[in-house]
Amino acid sequence: MMYDVCIIGSGAGGSPVAYELSRAGFSVVVLEKGKEYKEEDFNKDELAVSRRELFTPDLKDEQHVIYELDERKEHRRYLGSEHQWSFWNGSMVGGSSNLMSGYFHRMKPNDFKLLSAYGEIDGANVVDWPLSYEELEPYYEKVERIVGVSGEVILHSFLEPRSTSCFPYTKLEENGVAKWFDAACKSLDFESIPTPRAIIPHAALKRNGCSYSNFCGSYGCATGAKGSARAALLQKCDARVITEAFVYKLESDATKVTKAHYYDSDMKTHEISAKIFVLAAQAIESSRLLLNSKNRFFPYGLANNNHQVGKNLIFSGGGAGEGRFRFETLTNEQQKELMEVGLFFNRSLQQWYEYKKRDKKIKGGTIDFLFEHQSLIPRIKRAFYDEGGKILWGKALEQKIYKELTTSRVLNFEVFNDWLPTDECFVGIEEKVKDKYGIPVGAIHVYSHPRDREVGNDLAKKAVQVLEKMGASEISYSISSSPPPNLVAGGCRFGENPQTSVLDKECKAHALENLYVTDASFMPTGGSVPYTWTIYANSFRVADILRKRLES
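Peer 1: I'd like to hear about the overall build of the protein, residue by residue, with values.
Peer 2: Across its full length, the protein holds 13 helices and 21 strands. What you see for the protein is a C-alpha radius of gyration of 23 Å, in line with the 24 Å of a compact globule of 552 residues. Across its three principal axes, the protein shows a C-alpha extent of roughly 70 × 55 × 50 Å. The buried share among the 552 residues of the protein stands at 62%. Put simply, of all contacts in the protein between residues at least 6 apart along the chain, 74% involve residues at least 24 apart. Working note: accessible area of the protein is about 22400 Å², and carbon and sulfur atoms make up 48% of it. A distance of 1 Å separates the average location of the 70 positive side-chain charges in the protein from that of its 74 negative side-chain charges.

Set out below in structure tokens:
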């Protein structure tokens, strides 16, 4: 059968295309590497998720090789299986969107023109996007309606222009401690803003509302309230989804992709023919597939005659911190508010999305605040040692665990700022290391520009001020060059120059007539927010482009 569209990957980058085009009457097939799970399959099994990595491949079967470049420009090689270093995020229908926390911020207008707004940065490949915020804004709004984004729009220094005055869904119920945060910010002259979430507060969109279990991040949503690509889109369209289909090669002639070759769960090979191919396998794996799809027309990898595939890989800069609130310093009313179970904290700071330093305008970022995860495993592990670092046993351990869980609570913060694209951070192929299918694995070359950590530290200090003003103790934070595997983009950046980019403005490969890439690979810079909302929005934009092409 000749399909109209074949999509590789079913996450936030692929599902909007499947949703829109199948509903428009076109034949669409989605090849998904993982299994299909539905709401009834998700539970709060902390061992399976926290310790056994239920939703990601076993590193003995499928791994990456990581090359880490430190500030002294010295490389260290790590075999993922030996060091338990995984860059897998969610191998299942809907991809890692099933496991996201759902913190949804739009990129700002200046995120689309980093070079012209802030100037060149030594050692970084900063460019402007070929797309403006104004062009993508209607699709941000579309995601709010179709995927479901809840929140409250309030005026603040870096509120981006909106075509609507409010979110389509009211903000989620909040813990009383959020009021402490608001008061602390007011006294510091900081701008507290409610955090938008891709979680609906009540039944809508043929999905149930939030159950307030506080098991959002790393866990699948048992109610369907979280706006995963599976719950929000794939379950509502007629696209054919083939699961446990690992695509190992795209076949092409000089101008077009002709077939996608994949292995099924029994290691049998199959092929799919289509008029148009859409690649959305996650930034690292999309580059790997193209690089492994060499042929006589593209000897360095598909669409890679300009040697740009895999280049300018980016993650999210920043880090995380925390502070603890203990009963000893709180009133009875505050103690009750602190221990309210399930209700969201949902506060953010974006006041330093841009700031001045050394008489120069600097691109800053976002700080999200959230309670520590409800999962008991990481919370209990904190109690294993006494103040001197000596391991606790028996009754002493039991008493400390009980006290920590019942008379105190940790408030975390996460910093998001640009991970600047550089020549040293990219995806390649490790020819001598193969996965269980016999295919060379991806080689991830990691390097963080010094500016990333400088900005992250500046933002973290602002978060610490708020925690101190709120009365938290045991405050700490870490800003590092370690790449967060759930926040990865680039590798197939789009642009107007075919010599320095892989894709054009429409996310079509410069070198091929019918290959599009719609996961986060297209992003030349990442902004200072989590990427998922922008991935969704851009995929809906490309879906419109493809629909017009197919209709013509």
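Peer 1: Tell me about helix α1 (residues 15-23), residues and numbers included.
Peer 2: Burial runs high along α1: eight of the nine residues are buried. Three or more residues of α1 are buried, namely S15, P16, V17, A18, Y19, E20, L21 and S22. Residues of α1 that are buried sit in contact with β1 (2-8), β2 (28-31), α5 (133-148), α7 (229-232), β9 (269-279) and α13 (532-551). Once α1 ends, the next one or two residues include G25, with phi positive near 100°.

Peer 1: Run through the pattern of salt bridges, naming residues and quoting values.
Peer 2: Scanning all chains against the criterion turns up 37 salt bridges. K275 is the partner of D4 in a salt bridge, and the nearest nitrogen-oxygen pair spans 3.1 Å. Here D4 is found in strand β1, whereas its partner K275 is found in strand β9, with 271 residues between them in sequence. For K275, a relative accessible area of 48% translates into the label partly exposed. A salt bridge links K259 to E271; the nearest nitrogen and oxygen atoms lie 3.0 Å apart. A residue pair is termed long-range when its members are at least 10 positions apart, and K259 in strand β8 (residues 257-263) and E271 in strand β9 qualify at twelve residues. Looking at K259, the relative accessible area reads 24%, which means it is partly exposed. When salt bridges with common partners are traced through the structure, they connect E152, K171, E174, D182 and R347 into a single cluster.

Peer 1: Would you mind going over the pairing of β8 in detail, with residue names and values included?
Peer 2: Of all seven residues in β8, five are buried; the element is thus mostly enclosed. Pairing geometry for strand β7 (residues 246-252) and β8, over six bridges, is antiparallel. Looking across to β8, one finds that K249 is bridged to H261. Here β7 hands over to β8 after four residues, the two strands then running antiparallel side by side. Across five bridges, the pairing between β8 and β9 is antiparallel. When the bridges of β9 are listed, H261 appears paired with E271. In textbook terms, the turn of a hairpin is the stretch between consecutive antiparallel strands, and for β8 and β9 this stretch comprises five residues, one of which, M267, has a positive phi near 65°.

Peer 1: Can you lay out the sheet that holds strand β17 (residues 426-434) for me, pointing to particular residues and giving the numbers?
Peer 2: Ordered in space as β4-β3-β18-β17, the four strands form an open sheet in which the pairing is mixed. Two strands close off the open sheet at either side, each with one partner strand: β4 (75-79) and β17. Recorded for the sheet is a direction-independent mean angle of 25° between the axes of neighbouring strands. Relative to β4, strand β3 (residues 65-69) runs antiparallel, the two sharing five bridges. The partner of Y67 across the bridge, within β4, is R77.

Peer 1: Could you give an account of the sheet that holds strand β5 (residues 193-194), with specific residues and numbers?
Peer 2: If you trace the six strands from one edge of the open sheet to the other, you get β5-β12-β15-β16-β11-β19, paired in antiparallel fashion. Looking at the sheet topology across the chains shown, the edges are occupied by β5 and β19 (473-479). Two elements, β5 and strand β12 (residues 347-349), share two bridges in a ladder whose sense is antiparallel. What sits directly across from P194, in β12, is R347. Each of β11 (316-326), β12 and β15 (365-371) is contacted by helix α6 (residues 177-188), which is oriented at about 25° to β12, the strand it contacts most. Along the sheet, helix α12 (residues 450-470) makes contact with β11, β12, β15, β16 (408-418) and β19, crossing β16 at roughly 150°.

Peer 1: Summarise the packing of α1 against α13; cite the residues concerned and give the values.
Peer 2: Interhelical geometry of α1 versus α13 gives an angle of 35° and a closest axis separation of 8 Å. Pair α1 / α13 crosses with right-handed handedness. Contacts from P16, V17, Y19, E20 and L21 of α1 reach α13 at Y536, S539, F540, A543, D544, L546, R547 and L550. For the contact of α1 with α13, the residue count by class is nine nonpolar, one polar and three charged.

Peer 1: Could you give an account of the packing of aromatic side chains, naming the residues involved and the relevant values?
Peer 2: In this structure the tally under the stated criterion is 28 aromatic pairs. Look at F104 and Y536: their rings are 6.3 Å apart centre to centre, the planes differ by 55°, and that puts the pair in the tilted class. Residue F104 is found in the loop between α3 (80-83) and α4 (114-118), and its partner Y536 is found in helix α13; the two are separated by 432 residues along the sequence. Above the plane of the ring of Y118 lies K361, whose end atom (NZ or CZ) is 5.4 Å from the centre.

Peer 1: I'd like a rundown of the side chain of S539, residues and numbers included.
Peer 2: By the element assignment, S539 lies in helix α13. Here S539 is in contact with A12, G13, G14, P16, V17 and T518, once residues within four sequence places are set aside.

Peer 1: Tell me about helix α8 (residues 283-291), and name the residues and values.
Peer 2: Quick reminder: α-helices carry 3.6 residues per turn. Residues three or four places apart thus point the same way. By the criterion of burial, α8 is predominantly enclosed, with nine of the nine residues buried. Of all the residues in α8, the buried ones are A283, I284, E285, S286, S287, R288, L289, L290 and L291.

Peer 1: Please give an account of the nonpolar core that cites residues and values.
Peer 2: Grouped together as the largest cluster of nonpolar side chains are 102 residues, with contacts concentrated most on C6, L31, L250, L503 and L515. Leaving out residues up to four positions away in the same chain, L31 has contacts with C6, I7, I8, G9, I242, A245, V247, A260, Y262 and I272. By size, the runner-up hydrophobic cluster in this structure holds 32 residues, among which are F190, V415, A460 and L467.

Peer 1: Break down the environment of A124 for me, with residues and values.
Peer 2: Considering the arrangement of structural elements, one finds A124 in the loop between α4 and α5. Note on A124: relative accessible area 15%, which makes it buried. On a C-alpha basis, the gap between A124 and T258 in space is 36 Å, while along the polypeptide they are 134 residues apart. When neighbours within four sequence positions are excluded, A124 is seen to be in contact with L420, P421, T422 and H449.

Cut-off values and rules
Residues numbered from 1 in each chain as written. Predicted model: local features only at pLDDT ≥ 70, side-chain atom pairs only at ≥ 80, totals over all residues. Heavy atoms only, no water. Helix = DSSP H or I, 4+ residues; strand = E, 2+ residues; numbered from the N terminus. Rg over C-alpha atoms; globule rule 2.2 N^0.38 Å. Buried < 20%, exposed > 50% of the residue type's maximum accessible area, 1.4 Å probe, protein only. Contact = heavy atoms within 4.5 Å. Areas by Shrake-Rupley, 256 points an atom, 1.4 Å probe, with all protein chains shown as cover. Lys, Arg positive; Asp, Glu negative; His and termini not counted. Charge placed at Lys NZ, Arg CZ, Asp CG, Glu CD. Salt bridge = Lys/Arg side-chain N within 4 Å of Asp/Glu carboxyl O. Pairing = 2+ DSSP bridges. Axes fitted to C-alpha atoms, helices over the stretch in contact; angles between N-to-C directions. Left-handed = near helix turned anticlockwise from the far one by under 90°. Nonpolar A, V, L, I, M, F, W, Y, C, P; charged D, E, K, R; others polar. Phe/Tyr/Trp six-rings, centres within 6.5 Å; stacked < 30°, edge-to-face > 60°. Lys NZ or Arg CZ within 6 Å of the ring centre and 35° of its normal. Core = buried A, V, L, I, M, F, W, Y, C linked by side-chain atoms within 4.5 Å.

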